[in-house]
There are 2 protein chains.
Amino acid sequence: MPMRKDTAMRKVVERQTGVALWRQIADRIRLAISNGDYDATGMVPPETVLAGEFGVNRHTVRSALAALAEEGLVRAVQGRGTMIERKERVSYPISKRTRFSQGLGHQVKEIGTQLLGHAELPATSEVAKALGLSPGDPVTELRTVSSGDGRPLSVSSSYYPAHRFPRMAEEFERLHSVTKAFAAHGLDDYVRVSTEIVARHADAEELSMLKLSPGAIVLEAQSLNADLDGRPVEYSRSRFAADRMKLKIET
Amino acid sequence: MPMRKDTAMRKVVERQTGVALWRQIADRIRLAISNGDYDATGMVPPETVLAGEFGVNRHTVRSALAALAEEGLVRAVQGRGTMIERKERVSYPISKRTRFSQGLGHQVKEIGTQLLGHAELPATSEVAKALGLSPGDPVTELRTVSSGDGRPLSVSSSYYPAHRFPRMAEEFERLHSVTKAFAAHGLDDYVRVSTEIVARHADAEELSMLKLSPGAIVLEAQSLNADLDGRPVEYSRSRFAADRMKLKIET
DNA sequence: TATAGTTGTCTAGATCAATAGACATTTGAG
DNA sequence: CTCAAATGTCTATTGATCTAGACAACTATA
C-alpha cells in the first residue's frame, strides 16, 4: 500500500507575510526539537529531506539550520548530519509561595541572579495601583537578570514600597535574595496574590538582555506579592525567554 | 532647553533577521496601542513621524499600518490620520475552578464555542500520562474553537477517559457545556489540578483557525482537571491568540 | 578502499522588501 | 476659500531573500 509522501506530508510555510521562509522553518524545527520529534536519532533530518517536507530549496533550509546553530540548539557536522545539542525548556513554577531559585534548583545546575541596577522613584500609575499606593509615592525598583547554566532566562523589574522597606536595594545586594531582604526588614512570610501572563514579541531591550533574535517571544508575568495581612509588598514584571521556559501553575 | 529628537528617541528595528521591517514595526505599534501609548489622541502618529522614529521610509511604515488595518486594529482615513479601532486584550482567568465562559462573561458580549469535531481514539503517551491511563486506553477527544465578539480567541483539544464518560461528545453537542456534560455523567464538581503555559509561534493550523498571520504568537495552556477524589477527568491543550488574550492566575 | 549519504561552497538569476521622490486626494482649521 | 497636514498612488532603483544547479569535502559502512 503506497503512501503519498509529497503533498500529504508537506509542512506548510507561508510566503509574503513579512517573515522570511528560513525563519519560519527555523521556528518549526525548534518546536519539533522541543517536542521530541527527533529523539529517536538525536539528529535533525537531512537538509534535502527537510527541503522536501517544507517545499523549499535546500539553501533555505540551510539558512534556518544556521540560525539554530547560532542559538546553540544544533551543531552541523560535515558528512554526518546535524545533531541536536539542547532541547529542554526550563519549567518555572507559579504558586502561592513562588520563590525564584527554589523551583529551578533541580533543573539547572548554575543559577545566577545579577542586579542590573536599582533606583528610588515615584510610583507610576501602574505600580501605584498594584501596590495600593498613590501615584508619586516613593518605590524602590530593582532590575535583575536571572540565568541558568550560563543562558539568560529572564529579566525582571520589581517594585517595593520605599516607606516600608527603605533598605531594599542594599539588603538585596548584600544577601542576594528578595526573601532574605524582606526578612531583614522584619517580614518573614509573604504569598503571591495574583499573576497575569501575556505573550508578545520581545522589544529591543529584551532582545539584547536575553540574547534573543528579532521575532523572538517573551512571556511576561506581572505578579503581586502580599504579606499575610494582605498588604502588597512587591509588584514585579518578569519577562522570560519563551523558547527556554514554561510556566507551571500550581493550585 | 533643546531636546535631541533624532537618535535619542529612535526606536530600534533590526535588519537582516528574517523578520521584515514592516512586520517588526507593526508588532511595535500593536504593542504601543495595547499599552495605551496613544490614548491621548486615539490615533496612531502620522506616517512621517513614525517613519522618523523608526528610521525607515514612509512606505515601510505604510506596509506596517496596512497589516494592522487588515487585523481590524486601526483604520486609516485620508486627510485625517489613522485611528485606533480596538485595543484591549481579553483576560482569561485560571484558578481552581476555571470555567471558560464564566470568566469572560463581563468582558465580551458574544461568546461562541463551536465544536469542530470529536473522536474516540487510543490515548497517546502524553494524554495517557496526564489522565493516569495506559497508552492505548480509549479517550474521547473534543476539538473546539471559542470566539468573543466574532473574533476567534482560542482553539482547544480536550481529552476525557472514554470508559468513565462514554457519551461526552453527544452530551457536549446537546448541552454546549463541558460542565453540564460532566453533570450528565453524574459528575457534579471538578477542580483544576495544574496548568502549564508555554508561548511559541503559531503553527499553520493555528494560524488558520485563529485567523492570525505568520509570526504570530500563541499561548498554550496544558491543563488537567480532576474530580474531588483527585481522579483526572479532563486533559486539555488550549491555544490562545496571544495578541488578544492575557491569562490571569488566581491563587 | 570504494561508495552512498551528508554538509560546505560557489555562481547565477528571479522574486520580495525597502528606499527615494513626486504628486494626487481628502480633511479640518483659519 | 485657502492652506497645511495627512493619507493614497505611482515609478524607479537597490539590497535581501529564495531558487536552481553543480561540485567539493567529509563520514560511516559495506
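A brief look at the structure comes next. (Residues numbered from 1 in each chain as written. Chains lettered and ligands numbered in written order. Predicted model: local features only at pLDDT ≥ 70, side-chain atom pairs only at ≥ 80, totals over all residues. Heavy atoms only, no water.)

### Considering the pairing of strand S7 (residues 151-161) of chain B
Residues and elements named next belong to chain B. Counted residue by residue, S7 has 11 buried out of 11 residues, so it is predominantly covered. When strand S6 (residues 138-148) meets S7, the two strands line up antiparallel, connected through 10 bridges. Across the sheet, Arg143 pairs through a bridge with Ser157, a residue of S7. (Buried < 20%, exposed > 50% of the residue type's maximum accessible area, 1.4 Å probe, protein only. Helix = DSSP H or I, 4+ residues; strand = E, 2+ residues; numbered from the N terminus. Pairing = 2+ DSSP bridges.)

### Considering the interface of chain A and chain B
Facing 36 residues of chain A, the contacting portion of chain B comprises 37 residues. In total, about 3,600 Å² of surface goes out of reach between chain A and chain B, with carbon and sulfur atoms giving 61% of it. Run the count over chain A and chain B and you get four salt bridges. Note that A:Glu196 is salt-bridged to B:Lys248, the shortest N-O span being 3.2 Å. At the boundary of chain A with chain B, the tally comes to nine residue pairs in polar contact (both at pLDDT 80 or more). Elements that contribute at least two residues to the side of chain A that touches chain B include exactly helix H1 (21-34), strand S8 (190-201), helix H8 (204-209), strand S9 (217-227) and strand S11 (245-250) of chain A. Looking at the side of chain A that touches chain B, the element that brings in the most residues is S8(A), giving 10 residues. A class-by-class count of the residues in the side of chain A that touches chain B yields 18 nonpolar, eight polar and 10 charged. (Contact = heavy atoms within 4.5 Å. Buried area = accessible area lost by both parts, 1.4 Å probe. Salt bridge = Lys/Arg side-chain N within 4 Å of Asp/Glu carboxyl O. Polar contact = N/O pair within 3.5 Å; in protein donor to acceptor, adjacent residues only side chain to side chain. Nonpolar A, V, L, I, M, F, W, Y, C, P; charged D, E, K, R; others polar.)

### Regarding the pattern of salt bridges
Using the criterion set out here, one finds 32 salt bridges over all chains in the structure. B:Arg200 serves as the salt-bridge partner of B:Glu220, at 2.5 Å between the closest nitrogen and oxygen. On the criterion of sequence distance, the pair formed by B:Glu220 in strand S9 (residues 217-227) and B:Arg200 in strand S8 (residues 190-201) is long-range, its members being 20 residues apart. Residue classification places B:Glu220 among the buried positions, given a relative accessible area of 4%. Taken together, the shared-partner salt bridges connect A:Arg200, A:Glu206, A:Glu220, A:Arg237 and A:Arg239 into one network.

### Let's talk about the protein's contact with DNA strand C
Neighbouring DNA strand C are 25 residues; B:Leu21, B:Trp22, B:His59, B:Thr60 and B:Gln78 lie closest to it. The sugar-phosphate portion of DNA strand C accounts for 67% of its atoms within 4 Å of the protein, the bases making up the rest. Contacts to DNA strand C include B:Thr60, whose side-chain N or O atom sits 2.3 Å from a phosphate oxygen. The element contributing the most residues to the surface near DNA strand C is helix H3 (residues 58-70) of chain A, with three residues. Here the surface near DNA strand C is composed, by residue class, of seven nonpolar, 12 polar and six charged. (Near = heavy atom within 4 Å.)

### A closer look at the relation of the copies chain A and chain B
After a rotation of 180° and a shift along the axis of 0.1 Å, chain A superposes on chain B with an RMSD of 0.1 Å. Taken together, these values place the two copies in the relation of a two-fold axis. Looking at the rotation axis and the C-alpha trace of chain A, the residue lying nearest is A:Val19, at 2.4 Å. (Least-squares fit on C-alpha atoms with pLDDT ≥ 70 in both.)

### Observations regarding the packing of aromatic side chains
Per the counting criterion, the structure on display carries eight aromatic pairs over all chains. Each member of the aromatic cluster is reached from another via a ring pair, and the members are A:Tyr160, A:Phe165, A:Phe182 and A:Tyr190. (Phe/Tyr/Trp six-rings, centres within 6.5 Å; stacked < 30°, edge-to-face > 60°.)

### Let's talk about the sheet that holds strand S2 (residues 74-77) of chain B
Residues and elements named next belong to chain B. With antiparallel pairing, the three strands of this open sheet are ordered in space as S1-S3-S2. Looking at strand neighbours, the two that pair on one side only are strand S1 (43-44) and S2, the edges of this open sheet. Summarising the sheet, S2 and strand S3 (residues 81-84) pair through four bridges and their orientation is antiparallel. Among the inter-strand pairings, Val77 is bridged to a residue of S3, identified as Gly81.

### Regarding the packing of helix H1 (residues 21-34) of chain B against helix H3 (residues 58-70) of chain B
The description of two packed helices rests on the angle between their axes and on the distance between the axes. Residue and element names in this part refer to chain B. Contact pair H1 / H3: the axes reach a minimum separation of 8 Å and the direction vectors enclose 55°. It follows from the interaxial angle that H1 and H3 lie oblique. The two elements H1 and H3 cross, and the hand of that crossing is right-handed. In this structure, H1 uses Leu21, Trp22, Ile25, Ala26, Ile29 and Arg30 to contact H3, whose residues at the interface are Thr60, Ser63, Ala64, Leu65, Ala67 and Leu68. Classifying every residue of the contact of H1 with H3 gives nine nonpolar, two polar and one charged. (Axes fitted to C-alpha atoms, helices over the stretch in contact; angles between N-to-C directions. Parallel < 35°, antiparallel > 145°, perpendicular 65-115°, else oblique. Left-handed = near helix turned anticlockwise from the far one by under 90°.)

### Here's the deal with helix H2 (residues 47-54) of chain B
Residues and elements named next belong to chain B. All of the buried residues in H2 are Glu47, Leu50, Ala51 and Phe54. Projected down its long axis, H2 carries its buried residues within an arc of 100°, all on one side. For H2, the secondary structure elements touched by its buried residues are H1, S1 and H3. Two residues or fewer past H2, Gly55 is found with a positive phi of approximately 70°. (Arc of directions from axis to C-beta.)

### Looking at the environment of A:Pro138
All names here are of chain A. With respect to the helices and strands, Pro138 occurs in strand S6 (residues 138-148). C-alpha of Pro138 to C-alpha of Ala162: the two residues are 24 residues apart in sequence and 5.5 Å apart in space. Residues contacting Pro138, with those up to four places away along its chain left out, are Glu120, Leu121, Pro122, Tyr160, Pro161, Ala162 and His163.

### Description of the sheet that holds strand S2 (residues 74-77) of chain A
All names here are of chain A. Taking strand neighbours across the sheet as the criterion, the three strands line up as S1-S3-S2 in an open arrangement whose pairing is antiparallel. The sheet is open, and its two edges are formed by strand S1 (43-44) and S2, each paired on a single side. Here S1 runs beside strand S3 (residues 81-84); their pairing, made up of two bridges, is antiparallel. Across the sheet, the residue bridging to Val44 is Thr82, located in S3.

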